[in-house]
Amino acid sequence: MKHTITVLAAAVLLTGCISTSVTKLSTRSYTPLTPEDVTIYLYEEDIPGDYEKVALITARGDYAMTDEAKMFKKVRQKAAKLGANGVLVETVREPSTEAKVANFLFSTTANRKGEMLAIYVLSVRDEGASH
């Protein structure tokens, strides 16, 4: 029994390291997808078609217990539930050196923060096609 509680507590700590908040930008409903269906785009010009803005997703987590890969994974999960098939990364900010030192010395917070736009890509752009 004690082992089960320890495993559950560890699972909560590992999955609970990143919190997200969502601000919907559209009244339209989209069919939920799987996280594997969500593509992360670093630049708007990388998006292969026209898109609709679905939601703004803000993610944060303790820098010592998270990394960008974990943050992107959590954001992809949240975007998929909203039916977005893409996420455009707006910003990812690391805590300052001062915040990291204060975190170490005084156990204050030092969060990695990301702001991302959940999008629904509508169509593929006709690149290089001749008419």
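Preceding this paragraph is the structure being described.
Nothing here was measured: the structure is a model prediction, and the numbers come from that model.

(A) Looking closely at the environment of Met-71. With respect to the secondary-structure elements, Met-71 resides in helix H2 (residues 68–82). Under the relative-accessibility criterion, Met-71 is labelled buried at 1%. Sequence-wise, Met-71 and Lys-113 are 42 residues apart; in three dimensions their C-alpha atoms are separated by 8.8 Å. Once residues within four sequence positions are removed from consideration, Met-71 is found in contact with Ile-18, Ala-59, Arg-60, Arg-112, Lys-113, Gly-114 and Met-116.

(B) The pattern of salt bridges, seen in detail. Scanning the entire structure with this criterion turns up one salt bridge. Measuring nitrogen to oxygen at the nearest pair gives 2.9 Å for the salt bridge that ties Arg-28 to Glu-52. Of this pair, Arg-28 sits in the loop between strand E1 (18–24) and strand E2 (39–41) while Glu-52 sits in strand E3 (residues 51–62), and the two are 24 residues apart along the sequence.

(C) Layout of the nonpolar core. With 19 residues, the main nonpolar core has Val-54, Ile-57, Val-75, Ala-79, Val-87, Met-116 and Ala-118 as its most contacted residues. Among the elements of the structure, E3, H2, strand E4 (86–93) and strand E5 (111–121) are those that each provide at least two residues to this core. Considering every element that reaches this core, the biggest residue donor is H2, with six residues. For Ile-57, the contacting residues outside a window of four places in its chain are Thr-20, Ser-21, Val-22, Val-75, Lys-78, Ala-79, Leu-82, Gly-114, Glu-115, Met-116 and Ala-118. Counting residues in each nonpolar core, the second largest holds six residues, with Tyr-41, Ile-47, Leu-88 and Val-121 among its members.

About the cut-offs
- Here the residue numbering is sequential within each chain, running from 1 through the sequence in written order.
- Reporting of local features is limited, given that this is a predicted model, to residues whose pLDDT is at least 70; pairs of side-chain atoms are given and counted only at 80 or more, and all residues count toward the totals for whole chains, interfaces and linings.
- Only heavy atoms go into the side-chain values, all of them from the structure, while hydrogens and water stay out.
- Runs of H or I in DSSP of at least four residues are treated as helices and runs of E of at least two as strands, each being numbered from the N terminus.
- Burial classes follow relative accessibility: with a 1.4 Å probe on protein chains only, a residue under 20% of its type's maximum area counts as buried, one over 50% as exposed, and anything between as partly exposed.
- Contacts are assigned to residue pairs with any non-hydrogen atoms lying within 4.5 Å of each other.
- The term salt bridge refers to a side-chain nitrogen of Lys or Arg lying within 4 Å of a carboxyl oxygen of Asp or Glu.
- Joining through side-chain atoms within 4.5 Å is the link that ties buried Ala, Val, Leu, Ile, Met, Phe, Trp, Tyr and Cys residues into a set, and such a set is a nonpolar core.

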